[in-house]
Amino acid sequence: MAFNDRVFGVLLIVLAVAYGGSATQFPEPFGGAEAVGPETFPLLLAAVLALSSLYLILRPDPDNPWPWSRTGLELIIAVVVLVLYALLLQPLGFIISTALAVGTLCWRMGATPIKAYVTGAIAGVVVFVLFNFALDLSLPLGLLDFLEVD
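Residues numbered from 1 in each chain as written. Predicted model: local features only at pLDDT ≥ 70, side-chain atom pairs only at ≥ 80, totals over all residues. Heavy atoms only, no water.

So, the layout of surface pockets
The method is simple in principle: a probe with the dimensions of a water molecule rolls over the atoms, and the space it marks as empty is what remains. Taken as a whole, the second largest pocket spans an internal volume of roughly 240 Å³. Of all the secondary structure elements, the ones that give two or more residues to the lining of the second largest pocket are α1 (2-23), α2 (40-58), α3 (70-92) and α4 (94-108). The element contributing the most residues to the lining of the second largest pocket is α4, with four residues. Tallied by class, residues from the lining of the second largest pocket come to nine nonpolar, one polar and no charged. (1 Å grid on protein atoms, 1.4 Å probe; cavity = no way out; pocket = protein on both sides within 12 Å on 5 of 7 lines; lining within 4 Å. Points joined across faces, edges and corners; volume = space filled by probe spheres on them. Helix = DSSP H or I, 4+ residues; strand = E, 2+ residues; numbered from the N terminus. Nonpolar A, V, L, I, M, F, W, Y, C, P; charged D, E, K, R; others polar.)

Brief notes about the packing of aromatic side chains
If you walk through the whole model with that rule in mind, you get zero aromatic pairs. Directly above the aromatic system of Trp107 lies the positively charged group of Arg108, at a separation of 5.1 Å from the ring centroid. (Phe/Tyr/Trp six-rings, centres within 6.5 Å; stacked < 30°, edge-to-face > 60°. Lys NZ or Arg CZ within 6 Å of the ring centre and 35° of its normal.)

Some words on α3
Because an α-helix completes one turn every 3.6 residues, residues spaced three or four positions apart along the sequence face the same direction. Considering bend angle alone, the principal kink of α3 is centred on Ala86 and spans about 35 degrees. Once α3 finishes, Gly93 follows within two positions and takes phi at roughly 100 degrees, a positive value. (Bend = angle between axes of the 7 residues up to and from the residue.)

Thoughts on the confidence of the model for the protein chain
For the protein chain, mean pLDDT is 82; residues scoring 70 or higher make up 85% of the total. When pLDDT is averaged over each element of the protein chain, α4 comes out on top at 93 and α1 at the bottom at 81. (pLDDT = per-residue confidence, 0-100.)

Some details on the nonpolar core
Tyr19, Tyr85, Leu89, Phe94, Phe128 and Leu139 are the most contacted members of the largest nonpolar core, which totals 17 residues. Put simply, the parts of the chain that give this core at least two residues each are α1, α3, α4 and α5 (113-134). No other element matches α3, which puts four residues into this core. (Core = buried A, V, L, I, M, F, W, Y, C linked by side-chain atoms within 4.5 Å. Buried < 20%, exposed > 50% of the residue type's maximum accessible area, 1.4 Å probe, protein only.)

Focus: the packing of α3 against α4
Each packed pair of helices is defined by two parameters, the angle between the axes and the distance between the axes. Closest axis-to-axis distance for the α3/α4 pair is 8 Å, and the angle between their directions is 170 degrees. Considering the angle they form, α3 stands roughly antiparallel to α4. Of the residues in α4, those touching α3 at Arg70, Glu74, Ile77, Ala78, Val81, Leu82, Tyr85, Leu88, Leu89 and Leu92 are Phe94, Ile96, Ser97, Thr98, Leu100, Ala101, Thr104, Leu105 and Arg108. Residues belonging to the contact of α3 with α4 are distributed by class as follows: 13 nonpolar, three polar and three charged. (Axes fitted to C-alpha atoms, helices over the stretch in contact; angles between N-to-C directions. Parallel < 35°, antiparallel > 145°, perpendicular 65-115°, else oblique. Contact = heavy atoms within 4.5 Å.)

Observations regarding α2
In a regular helix each residue adds 1.5 Å, so 19 residues correspond to 27 Å; α2 covers 27 Å between its end C-alpha atoms and thus fits that length. Those residues of α2 lying buried are Pro42, Ala46, Ser53 and Ile57. Projected down its long axis, α2 shows its buried positions confined to an angular sector of 50 degrees, all on one face. Opposite its buried face, α2 presents the exposed residues Leu44, Val48, Leu51, Tyr55 and Leu58, each directed more than 90 degrees away. (Expected span 1.5 Å × (residues − 1). Arc of directions from axis to C-beta.)

Structural data, given as structure tokens:
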């Protein structure tokens, strides 16, 4: 049924808009606006997600039944987690919100809660360090703002 892909495509567009909108809320870096700032990568991801969603809406798979079983519930949970991630990225900061989002998604995929959230914390710290120090792109620290190094 093409209807199922279209519904999922609309949900993904909502996610892309929420994610892209939250990326535009990053504060302007010290020293003024840059061509490549902290919002660049999230905006690129939001654009790719929006284009992929449009493809699902315009060219749905005619033989794709909606998974109303546990799989459907897991898809809904994943979308909710990603929307919350986009909304909490600024107030909680990148490390904490990434740890929570990745941890929750790993847990929903079958990992034990401890392993899932340890994986999320490691992912949040590693990506934060890569973006801040290797790429020189600052990500929000949120609640961990006291760790900011001048």
